Amino acid sequence: IGAALMVITLTLLALGNIFGWWMSNVSDISATKPRISRLLGYIEAAPSITATLAEVDAALSELAIEDTGDTGRGGALLQQQLRQLASEAGLTVVGSEVKEPEALDALVKLNATLQLTGGPDDLDAFFEGLYFADPALFPEGMKIEAMRRINRRRQPSTLSGTEDHVMARVDIAAFRLS
């Protein structure tokens, strides 16, 4: 009888430990169910998230120059794009300068200054090109002076055809992803 009582007591003690372990694990499992559900939701939403990220990247590429990893490359690309727009508009680029970039939260602001000469219609075409540029370009400042005012000091015979021309200094900004 004593041995049977001892076996029953040890069995009940072992079963009690097993039951306690099982109960604590059941509470751990029930605590992880919301996490598992959330992860399954992420897996389910992955295609939608990927498509949305592609849309955001496409929208950003229209507004900002891609990050090339080279800090000077963005300014050079901006300068090249501005010179090409000016040339296509029929303007002459007298000078251009890329200024120090400004770091913003998720973007880097690139600044450039162009000195241009040409007719008023050409300048208008240039600004129209800026408006439709991809990635977006933002004129920030401008100074325009009539060429005849500048040309008074030069010989009029060499300046025929430029009577209505202007000299413009235009400050332009663009943004680069950082």
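Residues numbered from 1 in each chain as written. Predicted model: local features only at pLDDT ≥ 70, side-chain atom pairs only at ≥ 80, totals over all residues. Heavy atoms only, no water.

**Student:** Please explain the overall build of the protein as it appears in this structure.
**Tutor:** Of the regular secondary structure elements, the protein holds four helices and six strands. Order of helices (α) and strands (β) in the protein, N terminus to C terminus: α-β-α-β-β-β-α-β-α-β. Put simply, the protein has 178 residues, and 23% of those count as buried. For the protein, long-range pairs separated by at least 24 residues make up 70% of all intrachain contacts whose partners lie at least 6 apart in sequence. Accessible surface, the protein as shown: approximately 12,400 Å² in total, 59% of it carbon and sulfur. (Helix = DSSP H or I, 4+ residues; strand = E, 2+ residues; numbered from the N terminus. Buried < 20%, exposed > 50% of the residue type's maximum accessible area, 1.4 Å probe, protein only. Contact = heavy atoms within 4.5 Å. Areas by Shrake-Rupley, 256 points an atom, 1.4 Å probe, with all protein chains shown as cover.)

**Student:** Teacher, can you tell me more about a nonpolar patch on the surface here?
**Tutor:** There is a patch of nonpolar side chains on the surface, built from Phe19, Trp21, Trp22, Met23 and Val26 and spanning about 560 Å² of accessible area. Within the secondary structure, Trp21 is located in helix 1 (residues 2-63). (Patch = residues over 30% accessible without salt bridge, like charges linked within 9 Å, V, L, I, M, F, W, Y side chains within 5 Å. Salt bridge = Lys/Arg side-chain N within 4 Å of Asp/Glu carboxyl O.)

**Student:** Help me understand the packing of aromatic side chains in this model?
**Tutor:** The description of an aromatic ring pair uses the distance of the two centres, along with the angle that the planes make with each other. The tally for this structure, following the rule as stated, stands at three aromatic pairs. Between Phe126 and Phe127 the ring centres are 5.7 Å apart and the planes differ by 65°, which places this aromatic pair in the edge-to-face class. Judged by relative accessible area, which is 22%, Phe127 ranks as partly exposed. Where Phe138 meets Phe175, the ring centres are 5.5 Å apart and the plane angle is 65°; that geometry is what we call edge-to-face. (Phe/Tyr/Trp six-rings, centres within 6.5 Å; stacked < 30°, edge-to-face > 60°.)

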